[in-house]
Every structure is written in structure tokens, then in C-alpha cells.
Amino acid sequence: MRIANLRGRLALVVDGKAVDVEEASGGSFSADPQAVYEHWEVFCAWAAAADLPEGVVFDPAELGSPVPAPRQTLAIGLNYRDHASESRFEVPEGLPPVFTKFVTSISGPVTEVKLPEGGNTDWEVELVAVIGRRAEGVSEADAWSHVAGLTVGQDISERVSQLAGPVPQFSLGKSRPGFTPIGPWLVTPDEFDNPDDLELRCAINGEEVQKGRTRDLIFSLPALIAKLSAVLPLLPGDVLFTGTPAGVGLGRDPQRWLATGDELVSTIEGIGELRQTFVA
């Protein structure tokens with residue numbers, strides 16, 4: 001199952017067309033895309049049995065984030081060995097680095113992003129998981145049952161403010177407007193042959209800059225959910241960025257940053273792509 005946010009309304013994507021959920025359910029479910037996660041199991045049961053009407057064709061630019069207003073967005077740093085190495089950090093043990101991306105930075109899959117003046121703006125393609133059932137003290141073996149679905153995320157990062165002392169400002173450096181595109185839709189775990197092994201790619205103006213597989217995560221998605229839920233409850237509709245593979249601009253020699261006019265395309269197999277264009 002694929003669910004989307006089409007022009008601010010919850011939709012099911014079936015055969016490439018969008019079905020409005022509020023209309024198709026006779027009002028049983030709200031049009032608010034964020035609200036569905038509070039009733040995720042009931043919604044899934046309805047969607048599996050519903051006699052859906054013909055969907056409508058849509059432009060991907062009309063899509064918003066399938067999770068536009070999560071209460072918590074947790075992002076994981078240094079979760080691929082090659083990225084930890086290029087960033088000149090030790091591979092984390094125990095709990096990996098955790099930060100947040102503030103909700104006002106979240107956007108849809110096809111956007112224009114304003115480059116901050118005087119900043120070094122970087123890219124980080126990531127697999128993003130959305131929580132569908134409250135997770136508190138969850139075991140690794142049970143973690144997937146708390147996941148509503150998977151989507152594509154970009155952890156766009158302005159490195160000057162992120163790394164300014166006396167201690168790094170990860171959350172602020174990664175939370176400017178448009179710095180958290182998510183989409184194009186949410187895909188439920190049952191749609192994948194193996195949701196623990198998906199290919200990620202990122203390209204700038206057609207040049208591939210990142211390529212990896214989620215099987216190479218230091219802390220797998222189930223491990224992250226277990227470790228995080230041992231510290232704090234994960235709530236329905238919460239967002240978890242799982243980390244990025246090597247190839248970011250910070251780790252290059254010479255370093256490379258996004259520039260005016262660049263097009264950034266981020267793809268995960270079985271899900272889809274994000275497409276960001278950068279403006280002054």
C-alpha cells in the first residue's frame with residue numbers, strides 16, 4: 001500500500017493514480033495526512049477491504065510530505081561505516097548520535113530550496129521510517145510491527161552553522177526551510193521483498209554522488225527502534241531518518257557544496273524519488 005499527501009489531502013496511490021481517502025471512506029477517515037497514523041491499524045484494515053473508486057492522475061509536484069507534521073523527528077548520524085570514515089569520526093558503539101530536524105523544515109518531494117547565504121549546503125539521502133504504533137521498550141524482533149511504512153528523505157545540511165563551536169548545532173544546521181524533503185509517498189513494509197536491504201542513490205545534475213544499501217547500516221532499522229524506544233516512546237506518525245552512506249560533499253577532497261541551479265535527485269528502490277532544485 002502507498003499513501004500520499006496530495007494537495008494537503010490524504011490519498012491512496014493505486015496504479016499510479018490517487019484516491020482521496022476521506023471521500024472514498026465516506027468520511028470515516030480525515031483528509032489530514034498526519035492524522036491517519038493515530039488510527040493506522042484500522043486504516044490498513046479498511047484499505048485492504050475497500051472497493052476503491054477510480055483514482056485521478058496527478059503531478060508529483062502537487063505532493064506534500066506523507067508525514068507533514070510529526071510530533072518527533074529523530075535523525076541518526078554516522079550509521080554507515082563509510083560515511084563515518086569520510087566524516088573522520090569513530091564508528092559509534094551503543095547508541096548512535098541522535099538529533100532532530102524541526103517540523104518547519106519538512107517539505108514534499110518536488111521543491112525549490114533556498115540556499116543560505118554564506119553557507120556550505122550539503123546532501124544526505126536517507127531511508128526514512130514512519131511509526132504506525134506506539135513503541136516503548138520494544139524488542140528488535142518486534143520492531144517492524146511498529147512501522148507504518150518507509151519513504152525517502154533528504155537530510156539537507158548547512159555545514160557552517162552545523163559545525164560552529166563551542167559544540168555543533170546539528171539540529172539548527174539541518175532545519176532551514178525546505179531542508180527536510182520527504183516522499184514521494186509512504187510504502188508499507190509488505191510491499192518489499194526485503195525491507196532491510198534497499199538501494200539508495202543520490203545524484204546532482206545527473207552525476208551520481210551517493211550509492212549504498214540499507215543492509216550496510218551499522219544499526220538496522222529494528223535495532224534503532226529498539227534502542228530509541230528504550231529511552232523514549234516513539235509515537236504514531238513519528239519520523240526516523242536512519243542515516244546516510246558515503247559520498248556527501250563534506251567528505252570530499254576538495255569539498256563540494258550545492259550551488260544555485262543544481263538539481264538534486266534522491267532515490268530508493270521500491271519507493272521513488274525526491275527532486276530538489278536550489279535557488280539563491
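Above this text sits the structure in question.
For clarity, every value in this text was computed on a predicted model and none was experimentally measured. Here, residues in each chain are numbered from 1, in the same order as that chain's written sequence. This being a predicted model, a pLDDT of at least 70 is required before a residue's local features are given, and a value of 80 or more before pairs of side-chain atoms are given or counted; all residues contribute to the totals for chains, interfaces and linings. Only hydrogens and water are removed before side-chain values are computed, so all heavy atoms of the structure are retained for them.

## Observations regarding the overall build of the protein
Then, in step 1: Counting secondary structure elements, the protein contains six helices and 18 strands.
Then, in step 2: To get the radius of gyration, use the C-alpha atoms; to get the globule rule, take the number of residues to the power 0.38 and multiply by 2.2 Å. Here the protein has a C-alpha radius of gyration of 18 Å; the compact-globule value for 280 residues is 19 Å, and the two agree.
Then, in step 3: For the protein, the proportion of its 280 residues judged to be buried stands at 54%.
Then, in step 4: Residues are treated as being in contact if the distance between any of their heavy atoms lies within 4.5 Å. Long-range pairs, those at least 24 residues apart, make up 75% of the contacts in the protein with a sequence separation of at least 6.
Then, in step 5: Put simply, the protein shows about 12,000 Å² of open surface, and 51% of that area lies on carbon and sulfur atoms.
Then, in step 6: When the 22 positive and 40 negative side-chain charges of the protein are each reduced to one mean point, those points stand 4 Å apart. The helix count covers DSSP runs of H or I at least four residues long, the strand count covers runs of E at least two residues long, and both are numbered beginning at the N terminus. We call a residue buried when its accessible area falls under 20% of the maximum for its residue type, exposed when it is over 50%, and partly exposed in between, using a 1.4 Å probe and counting protein chains only. Reported accessibility uses the Shrake-Rupley method at a 1.4 Å probe radius. Residues are deemed covered only where the shown protein chains occlude them. Only four residue types enter the charge count, namely Lys and Arg as positive and Asp and Glu as negative; His and the chain termini do not. By convention, the point assigned to a charge is CZ for Arg, NZ for Lys, CD for Glu and CG for Asp.

## Structural notes on the nonpolar core
Then, in step 1: We define the nonpolar core as a collection of buried residues of types Ala, Val, Leu, Ile, Met, Phe, Trp, Tyr and Cys that are connected through side-chain atoms lying within 4.5 Å of one another. Leu150, Ile225, Leu240 and Ile271 are the most contacted members of the largest nonpolar core, which has 48 residues in total.
Then, in step 2: Of the residues forming this core, the biggest block, five residues, is contributed by helix α6 (residues 221-229).
Then, in step 3: If sequence neighbours within four positions are ignored, Leu150 has contacts with Leu127, Val128, Ala129, Trp144, Trp185, Leu186, Val187, Phe192, Pro195, Leu198, Leu221 and Ile271.
Then, in step 4: Listed in part, the 23 residues of the second largest apolar core include Tyr37, Trp40, Ile106 and Val130.

## A word on the side chain of Lys101
Then, in step 1: As for its position among the elements, Lys101 is in the loop between β6 (98-100) and β7 (106-107).
Then, in step 2: Identification of polar contacts relies on pairs of N or O atoms within 3.5 Å, with a donor-acceptor requirement for protein atoms, meaning one able to donate a hydrogen and the other able to accept it, and with residues adjacent in sequence counted only if both atoms are side-chain atoms. Of the polar contacts made by the side chain of Lys101, one reaches the backbone oxygen of Lys174; its length is 2.6 Å.
Then, in step 3: Here Thr180 takes part through its side chain, which lies 3.4 Å from a polar atom of the side chain of Lys101.

## Points about α6
Then, in step 1: Among the nine residues in α6, eight count as buried, and that is most of the element.
Then, in step 2: Within α6, the full set of buried residues consists of Leu221, Pro222, Ala223, Leu224, Ile225, Ala226, Leu228 and Ser229.
Then, in step 3: In this fold, the buried residues of α6 make contact with β5 (73-76), β6, β10 (125-131), β11 (147-154) and β16 (239-241).

## With respect to the sheet that holds strand β15 (residues 207-213)
Then, in step 1: Overall, mixed pairing links the five strands, which are arranged β8-β18-β17-β14-β15 in an open sheet. With one partner strand each, in any of the chains shown, β8 (110-114) and β15 form the two edges of the open sheet. Taking each pair of neighbouring strands and ignoring which way they run, the sheet shows an average axis angle of 15°.
Then, in step 2: The pairing criterion for strands is at least two bridges between them, as found by DSSP. Across six bridges, strand β17 (residues 263-268) lies against strand β18 (residues 272-279) in antiparallel orientation. In the sheet register, Ile268 faces β18, and the bridge partner there is Gly272. Orientation is described by axes fitted as lines to C-alpha atoms, over the contacting stretch for helices, and by angles from 0 to 180 degrees between their N-to-C directions.

## Details of empty space enclosed by the protein
Then, in step 1: In this analysis the probe radius is 1.4 Å and the grid spacing 1 Å, with only protein atoms considered; a cavity is a set of points the probe fits into but cannot get out of, a pocket is an open set with protein on both sides within 12 Å along at least five of seven lines, and lining residues have an atom within 4 Å of a point. Grid points are joined across faces, edges and corners, and a volume is the space filled by probe spheres set on the points. Enumeration over the complete set of coordinates arrives at one cavity of 30 Å³ or more.
Then, in step 2: Of the pockets and cavities examined, the largest cavity occupies roughly 30 Å³.
Then, in step 3: What lines the largest cavity is simply Leu74, Ile131, Leu228, Leu234, Asp238, Val239 and Leu240.
Then, in step 4: Residues belonging to the lining of the largest cavity are distributed by class as follows: six nonpolar, no polar and one charged. Any residue outside Ala, Val, Leu, Ile, Met, Phe, Trp, Tyr, Cys, Pro, Asp, Glu, Lys and Arg is labelled polar, Gly included; the first ten of those are nonpolar and the last four are charged.

## Remarks on the packing of aromatic side chains
Then, in step 1: For Phe, Tyr and Trp, where Trp contributes only its six-membered ring, two rings pair if their centres lie within 6.5 Å, and the inter-plane angle classes them as stacked under 30 degrees, edge-to-face over 60, or tilted in between. Within the structure shown, the criterion is met by seven aromatic pairs.
Then, in step 2: An angle of 20° between the planes, with centres 5.5 Å apart, marks the rings of Tyr37 and Trp40 as stacked.
Then, in step 3: Accessibility expressed as a relative area gives 1% for Tyr37, which makes it buried.
Then, in step 4: Take Trp40: its relative accessible area is 7%, and that puts it in the buried class.
Then, in step 5: With 5.6 Å between their ring centres and 40° between their planes, Trp40 and Phe43 make a pair best called tilted. Here Phe43 and Trp40 lie together in helix α2 (residues 40-49), a separation of three residues that amounts to about one turn. Here Trp40 matches Phe43 in class, with each residue buried.

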